[in-house]
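Inside the fold
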Amino acid sequence: MTLKPYVLTEKQFLPQREATYPMEERGLQFGDGVYEVARIYQGKYFLLQEHIDRLYRSAEAIRLAVPFEKEELIDKLEQLREMNDVKEDAIVYLQVTRGSFPRAHAFPVENRPNLYAYIREMPRKLREIENGVRAILTRDVRWEYCYIKSLNLLPNVLAKQEATERGAFEAIFHRDGKITEGSSSNIFLVKGGKVYTHPATERILNGITRTKVKQFCDSLHIPFIEEAFSIEDIARADEMFLTSTTSSIIPIIQVEEQLIAGGKPGEVTRKLQAAYEEAAGLAVKNENA
Ligand code: PDD
């Protein structure tokens, strides 16, 4: 997965090698910043406006001023894509921190945020999308700021590492017996033709893909119920799936030792995947149809 040669900073476009930070940087030392990951499919941004809107909401929640107006930032990201001649499937990573200052917990007096954005090639996870994945369960030890896409990802990193070491794709967080979300995804359960997921409270990140799935459910007349389901409900699930910008919609076919729907992706998941592909302009066109 190649990193593209140019990056965007708060000041200018730079060749990747020239974009460096001093040791005393608040994102590095305190995780004092917010970020976004947006998809690029076949060289075009997908849902960029939604990601930028969330970035500004996250920034506002931590009292951080993004150093561009929204429209300006979107224009710059378009420019970044053009400069890097992106034609394939990729992601853009963008972060804003409270800047480079001598280390001190309280905010610096001066408002001088750091921003950088870069593009990395990232093919779709076609094997997982088609066959589904395994997940493990892990205790959600996180805080009440999960709705902010902040740089403080240590519990998520540890959970994903646990999943990886146990040969699973994702770690599903549970708190007080209820499923909250995945270490880097939102989690859904299908039962009796209805889709259940944790409500968008301060305990989860309200995914851009999650919001899309809600819209797809509405147009497909599939009830979308924002009600947390429990660990016990998993044994009785008809289907499960996860969503994220990098993964799109991936069936979950096993949680710990429990097979979901006999270990096969289900019908509702397939319908939502088809709706996603259509929305992202990925639907395979049958020339003879
Ligand atoms: N993560 N929940 C968490 C904790 C996440 O980190 C993510 C995404 C999601 C899904 O959100 P969205 O559909 O907007 O991508 C939910 C990104 C992809 C990441 O950190 O790489």
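Starting afresh in each chain, residues are numbered from 1 along the sequence in its written order. It should be noted that, the model being predicted, local features are given only for residues of pLDDT at least 70 and side-chain atom pairs only at 80 or more, the latter also being counted only at that level, while totals for whole chains, interfaces and linings use all residues. Computation of side-chain values: all heavy atoms of the structure, hydrogens and water removed.

1. Some details on the packing of aromatic side chains
To pair, rings of Phe, Tyr and Trp, with the six-membered ring standing in for Trp, must have centres within 6.5 Å; the planes then decide the type, stacked if under 30 degrees apart, edge-to-face if over 60, and tilted in the middle. For the structure on display, the rule yields 11 aromatic pairs. When the centroid spacing of 6.1 Å and the interplanar angle of 25 degrees are considered together, the rings of Tyr 116 and Tyr 118 count as stacked. Between buried and exposed lies partly exposed: a residue is buried under 20% and exposed over 50% of the maximum accessible area for its type, with that area taken using a 1.4 Å probe on protein chains only. Using a relative accessible area of 21% as the deciding quantity, one classes Tyr 118 as partly exposed. Three or more aromatic residues joined by ring pairs form one cluster here, namely Tyr 21, Tyr 35, Tyr 93, Tyr 116 and Tyr 118.

2. Things to note about the sheet that holds strand S1 (residues 6–9)
Paired strands are those between which DSSP finds at least two bridges. The helix and strand labels rest on DSSP assignments: H or I over at least four residues marks a helix, E over at least two residues marks a strand, and numbering proceeds from the N terminus. Pairing within the open sheet is antiparallel, and its six strands lie in the order S2-S1-S6-S5-S3-S4. Since the sheet does not close on itself, it has two edges, and those belong to strand S2 (13–15) and strand S4 (44–46), each with one partner. Across this sheet, the average inter-strand angle for adjacent strands is 30 degrees, counted without regard to direction. Pairing of strand S3 (residues 33–41) with S4, which is carried by three bridges, proceeds in the antiparallel orientation. The residue bridging Arg 39 from the neighbouring strand is Phe 46, located in S4. We call two residues in contact when some of their heavy atoms are within 4.5 Å. Note on geometry: axes are lines fitted to C-alpha atoms, helical ones only across the stretch in contact, with angles between N-to-C directions running from 0 to 180 degrees. Relative to S1, helix H3 (residues 70–83) is tilted by about 165 degrees, and along the sheet it contacts S1, S2, S4, strand S5 (90–97) and strand S6 (114–121).

3. Brief notes about the site of the ligand
Whether a residue is near a molecule or strand is decided by its heavy atoms; if any one of them lies within 4 Å of it, the residue is near. Surrounding the ligand, one finds 18 residues, the nearest of these being Tyr 35, Glu 181, Ile 208, Thr 209 and Thr 245. Here a polar contact is recorded for every N or O atom pair within 3.5 Å, except that within protein the pair must consist of a potential hydrogen donor and a potential acceptor, and residues adjacent in sequence are included only if both atoms are side-chain atoms. Contact distances for the ligand include 2.5 Å between an oxygen atom and a side-chain N or O atom of Thr 245. With respect to the detected pockets, the ligand is housed in the largest pocket. Counting residues per element, the ones that place at least two in the shell around the ligand are S3, strand S9 (178–182), helix H6 (208–219) and strand S13 (239–244). Residue type decides the class: Asp, Glu, Lys and Arg count as charged, Ala, Val, Leu, Ile, Met, Phe, Trp, Tyr, Cys and Pro as nonpolar, and the leftover types, Gly among them, as polar. For the shell around the ligand, the class distribution of residues is four nonpolar, 11 polar and three charged. Two domains each provide a minimum of three residues to the shell around the ligand, namely domain 1 (6–121) and domain 2 (126–280). Using protein atoms alone on a 1 Å grid, points that fit a 1.4 Å probe yet trap it form a cavity, whereas open point sets bounded by protein on both sides within 12 Å along at least five of seven lines form a pocket; residues with an atom within 4 Å of a point count as lining. Cavity and pocket membership follows a simple rule, namely that a molecule belongs there if more than half of its atoms are within 2 Å of the grid points. Where each domain begins and ends is defined by an automated method or by a domain database.

4. Section: a negative patch on the surface
Surface patches are drawn from residues lacking salt bridges whose relative accessible area is over 30%; two like charges belong together within 9 Å, two nonpolar side chains (Val, Leu, Ile, Met, Phe, Trp, Tyr) within 5 Å. Values of accessible area rely on a 1.4 Å probe in the Shrake-Rupley scheme; residue burial ignores everything except the protein chains shown. We count a salt bridge whenever a side-chain nitrogen from Lys or Arg sits within 4 Å of a carboxyl oxygen from Asp or Glu. Positive charges are assigned to Lys and Arg, negative charges to Asp and Glu, while His and the chain termini are left out of the count. In plain terms, the charge of a residue is placed at NZ if it is Lys, CZ if Arg, CG if Asp and CD if Glu. Residues Glu 69, Glu 71, Glu 72 and Asp 75 make up a contiguous surface patch of negative charge. In this fold, Glu 72 is placed in helix H3.

5. Side note on the layout of surface pockets
Grid points are joined across faces, edges and corners, and a volume is the space filled by probe spheres set on the points. What the largest pocket holds in volume is close to 920 Å³. Taken together, 39 residues line the largest pocket, and the ones lying closest to its centre are Tyr 35, Lys 149, Leu 153, Ser 183 and Ser 184. Elements that contribute at least two residues to the lining of the largest pocket include exactly S3, S5, S6, helix H5 (154–165), S9, H6 and S13. Its residues assigned to classes, the lining of the largest pocket shows 16 nonpolar, 15 polar and eight charged. Lining the lining of the largest pocket are residues from two domains, each supplying at least three of them: domain 1 (6–121) and domain 2 (126–280). Approximately 280 Å³ is the volume attributed to the second largest pocket.

6. Quick word on the packing of H6 against helix H8 (residues 267–279)
For the pair H6 and H8, the least separation of the axes is 10 Å and the interaxial angle reads 110 degrees. In this view, H6 runs roughly perpendicular relative to H8, as classed from their interaxial angle. On the side of H6, the interface is formed by Thr 209, Val 213, Phe 216 and Cys 217, while H8 contributes Leu 272, Ala 275, Tyr 276 and Ala 279. Among the residues forming the contact of H6 with H8, the class breakdown is seven nonpolar, one polar and no charged. Comment on the angle field: the value is read as roughly parallel under 35 degrees, roughly antiparallel over 145, roughly perpendicular from 65 to 115, and oblique elsewhere.

7. Side note on unusual backbone geometry
Phi at Leu 47 takes a positive value of approximately 60 degrees, unusual for a residue other than glycine. The class of Leu 47 is buried, set by a relative accessible area of 14%. Within the chain, Ser 248 stands out as a residue other than glycine whose phi angle is a positive 60 degrees. If you trace the backbone, Ser 248 turns up in strand S14 (residues 248–255).

8. Description of H5
By this rule, a helix spans an expected 1.5 Å times one less than how many residues it contains. Spanning 12 residues, H5 covers 16 Å between terminal C-alpha atoms, matching the ideal 16 Å at 1.5 Å per step. Those residues of H5 that sit buried are Asn 156, Ala 159 and Ala 163. What you see down the axis of H5 is that its buried residues fit within an arc of 70 degrees, all on one side. Of the exposed residues in H5, the ones pointing more than 90 degrees away from its buried face are Leu 154, Val 157, Leu 158 and Glu 165. Packing partners of the buried residues in H5 comprise strand S7 (133–139) and strand S8 (170–175). Read the arc as the range of directions from the helix axis to the C-beta atoms.

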